[in-house]
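One letter stands for each residue in the lines below.
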Amino acid sequence: MPYTPETTVSVAHHSRQGHTAVLAAAVADGALEAGAQAHLIAVDRIDEDGWRLLDASDAIVFGCPTYMGNVSSEFQAFAEATSRRWLDGAWQDKVAAGFTNSGCLSGDKLQVLQALTILAAQHGMHWVNLGLKPGFSASTDSMDAPNRLGIFLGAGAQSPADLGDEGLHKSDLETCRLLGVRVATVSAALAAGTRVPADGVRAGAA
Ligand SMILES: Cc1cc2nc3c(=O)[nH]c(=O)nc-3n(C[C@H](O)[C@H](O)[C@H](O)COP(=O)(O)O)c2cc1C
């Protein structure tokens, strides 16, 4: 029986109009399905309990809307507030991943995912990419397939500016759910390789 330790995945997100919050919930759903505990933390309202949850998490998935081709100012305020953790190395070797939503199909989302990747790298975290082939790259493909926008670094989503949550695309919701599954799976594998289980026997041990 393989040793699969329970892991905790926190989704540290900002959302001003609610779209990104729904995507954050999809990431958390995926992590739960894969056997992790999951927490949703709105970074613009984070309190001491929220910081404690992040510090205790095996993985942190960062998410925010794309604003002017970059992370939202609320998310950036959170990123800067993590500098104490950077100083202490508190998030070193945690798993990280990211997602973003924008009004345009592209909207310069890549810049946001790169900013989130660099935040994770500064903390010494292990970045987990999306791990999905593009959903829509041939004339026979469907825009309903996961990763319809063909992004590899993390999950990218798009919702029309004049619509609320109902404007979120089912492909994007599924893409975020699958990111949550992947992060939880990688976190469990990493924990199995580094934590000593109660019975002292790891997967593959004689
Ligand atoms: C200040 C501001 C800047 C924005 N900049 C971009 C942008 O650069 N690219 C884009 O595609 N959409 C842009 N948008 C649209 C948002 O990314 C989009 O509405 C997103 O769904 C908002 O997420 P939220 O509902 O979680 O707040 C911008 C919106 C605002 C309010």
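The rules we used
- Residues numbered from 1 in each chain as written.
- Predicted model: local features only at pLDDT ≥ 70, side-chain atom pairs only at ≥ 80, totals over all residues.
- Heavy atoms only, no water.
- Helix = DSSP H or I, 4+ residues; strand = E, 2+ residues; numbered from the N terminus.
- Buried < 20%, exposed > 50% of the residue type's maximum accessible area, 1.4 Å probe, protein only.
- Contact = heavy atoms within 4.5 Å.
- Near = heavy atom within 4 Å.
- Polar contact = N/O pair within 3.5 Å; in protein donor to acceptor, adjacent residues only side chain to side chain.
- Areas by Shrake-Rupley, 256 points an atom, 1.4 Å probe, with all protein chains shown as cover.
- Salt bridge = Lys/Arg side-chain N within 4 Å of Asp/Glu carboxyl O.

Caption draft 1: Seen up close, the side chain of Ser159. Following the sequence through the fold, Ser159 ends up in the loop between strand E7 (155–158) and helix H6 (170–194). By relative accessible area, which is 4% here, Ser159 ends up buried. Beyond its immediate stretch of four places on either side in the chain, Ser159 contacts His19, Asn101, Ser102, Gly103, Gly167 and Leu168.

Caption draft 2: Seen up close, the site of the ligand. The ligand sits among 17 residues. The nearest are Ser15, Gln17, His19, Thr20 and Asn101. Gly18 places a main-chain nitrogen or oxygen 3.2 Å from an oxygen atom of the ligand. Take Ser102: an N or O atom from its side chain is 3.4 Å from an oxygen atom of the ligand. Expressed as a share of its isolated accessible area of 630 Å², the protein-covered part of the ligand is 80%.

Caption draft 3: Up close: the pattern of salt bridges. Tallied over the full model, the rule gives eight salt bridges. Taking the shortest distance from any N to any O, the salt bridge between Lys170 and Asp144 comes out at 3.8 Å. One end of the pair, Lys170, is in helix H6; the other, Asp144, is in the loop between strand E6 (126–127) and E7, and 26 residues separate them in sequence. Given a relative accessible area of 54%, Lys170 falls into the exposed group. For the salt bridge of Arg177 with Glu174, the shortest nitrogen-to-oxygen distance reads 2.8 Å. Placement of the pair is Arg177 and Glu174 together in helix H6, with a separation of three residues, close to one helical turn. On the accessibility criterion, Arg177 (21% relative accessible area) is partly exposed. Each of Glu33, Glu174 and Arg177 takes part in salt bridges that share partners, so that together they form one network.

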